Amino acid sequence: MKLLLVLFGAGQVVLGLLLWITPGFFFDEIGPYGVRNDHYLGDLATWYLALGAVTLVAVRRVRWRVPVLALAFAQYALHSLNHLIDVNHAHPKWLGPANLISLVLTTLLLAWMLNAQREPAR
């Protein structure tokens with residue numbers, strides 16, 4: 001579990017930094033939906049940085065794991081739904097389904113992690 005938490009947390013921090021430091025790269029290569037707005041990309045960056053930070057804290061603070069994983073799961077499930085709705089709005093078109101698949105797979109991984117972390121408490 002610790003390794004998965006580290007990988008997920010670090011991934012969130014990397015996404016946050018990409019959004020904040022290189023919003024043009026992120027928009028062009030990862031999230032080309034609608035019109036680019038660097039302010040909103042920066043707002044989104046703060047979410048990823050915060051989620052990454054609390055996930056990395058949860059590596060050492062076992063009691064944080066279930067709440068952090070529950071929040072991450074809920075956010076990724078909703079994020080997946082948003083991408084399902086807008087799956088055909090990415091440019092290039094192939095990126096819409098690719099993003100959706102990566103989000104759904106992450107949601108499933110988070111669901112598994114949450115369930116596994118909850119098992120000892122049962």
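Look a little higher up for the structure.
Residues numbered from 1 in each chain as written. Predicted model: local features only at pLDDT ≥ 70, side-chain atom pairs only at ≥ 80, totals over all residues. Heavy atoms only, no water.

Colleague: Where do I start with the overall build of the protein chain in this structure?
Modeller: The helix and strand tally for the protein chain stands at five helices and zero strands. In the protein chain, the succession of helices and strands from N to C terminus is α-α-α-α-α. Scaling as 2.2 N^0.38, a compact globule of 122 residues should have a C-alpha radius of gyration of about 14 Å, and the protein chain matches this with 15 Å. Residues classed as buried in the protein chain amount to 36% of the 122 residues present. Pairs at least 24 residues apart make up 71% of the contacts formed inside the protein chain by residues separated by at least 6 positions. If you average the places of the 9 positive and of the 6 negative side-chain charges in the protein chain, the two averages end up 20 Å apart. (Helix = DSSP H or I, 4+ residues; strand = E, 2+ residues; numbered from the N terminus. Rg over C-alpha atoms; globule rule 2.2 N^0.38 Å. Buried < 20%, exposed > 50% of the residue type's maximum accessible area, 1.4 Å probe, protein only. Contact = heavy atoms within 4.5 Å. Lys, Arg positive; Asp, Glu negative; His and termini not counted. Charge placed at Lys NZ, Arg CZ, Asp CG, Glu CD.)

Colleague: Before we go on, may I ask you to explain the side chain of Gln-12 in this structure?
Modeller: Inspection of the secondary structure puts Gln-12 in helix H1 (residues 2–21). Given a relative accessible area of 4%, Gln-12 falls into the buried group. Setting aside its immediate chain neighbours within four residues, Gln-12 contacts Tyr-48, Leu-49, Leu-51, Gly-52 and Tyr-76.

Colleague: Any chance you could explain the nonpolar core here in plain terms?
Modeller: Proteins that are soluble and globular tend to have nonpolar side chains buried together. Ranked by internal contacts, the top residues of the largest apolar core, which has 17 residues, are Phe-8, Leu-19, Leu-69, Tyr-76 and Leu-110. Where this core is concerned, the elements lending two or more residues are H1, helix H2 (23–29), helix H3 (38–60), helix H4 (65–85) and helix H5 (95–118). Here the element with the most residues in this core is H3; it accounts for five residues. Setting aside anything within four residues of it in sequence, one finds Phe-8 in contact with Leu-51, Thr-55, Ala-72, Tyr-76, Thr-106 and Leu-110. (Core = buried A, V, L, I, M, F, W, Y, C linked by side-chain atoms within 4.5 Å.)

Colleague: I'm lost on the pattern of salt bridges in this one. Help?
Modeller: A side chain of one charge can pair with a side chain of the opposite charge when the charged atoms of the two come close. Tallied over the full model, the rule gives one salt bridge. Where Asp-38 meets Arg-36, a salt bridge forms, and the shortest distance between an N and an O atom there is 2.6 Å. (Salt bridge = Lys/Arg side-chain N within 4 Å of Asp/Glu carboxyl O.)

Colleague: What am I meant to see in a nonpolar patch on the surface here?
Modeller: A cluster of nonpolar side chains, contributed by Leu-78, Leu-81, Leu-84 and Ile-85, occupies part of the molecular surface with about 420 Å² of accessible area. Looking at where Leu-84 falls in the secondary structure, it is placed in helix H4. (Patch = residues over 30% accessible without salt bridge, like charges linked within 9 Å, V, L, I, M, F, W, Y side chains within 5 Å. Areas by Shrake-Rupley, 256 points an atom, 1.4 Å probe, with all protein chains shown as cover.)

Colleague: Looking at this structure, how should I read the side chain of His-83?
Modeller: Within the element layout of this structure, His-83 appears in helix H4. Judged by relative accessible area, His-83 falls into the buried class, the value being 11%. Polar contacts involving the side chain of His-83 include one to the side chain of Tyr-33, which spans 3.2 Å. Apart from the residues within four sequence positions on either side, His-83 is in contact with Tyr-33, Asn-99, Leu-100 and Leu-103. (Polar contact = N/O pair within 3.5 Å; in protein donor to acceptor, adjacent residues only side chain to side chain.)

Colleague: Got a minute to help me understand the packing of H1 against H3 in this structure?
Modeller: A pair of packed helices is captured by two measures, namely the crossing angle of their axes and the spacing between those axes. Where H1 meets H3, the closest approach of the two axes is 7 Å, and the angle between their N-to-C directions is 160 degrees. Taken as axis vectors, H1 and H3 run roughly antiparallel relative to one another. Helix-helix and strand crossings are classified by hand; for H1 and H3 the assignment is left-handed. A breakdown of the residues in the contact of H1 with H3 according to their chemical character gives 19 nonpolar, seven polar and one charged. (Axes fitted to C-alpha atoms, helices over the stretch in contact; angles between N-to-C directions. Parallel < 35°, antiparallel > 145°, perpendicular 65-115°, else oblique. Left-handed = near helix turned anticlockwise from the far one by under 90°. Nonpolar A, V, L, I, M, F, W, Y, C, P; charged D, E, K, R; others polar.)

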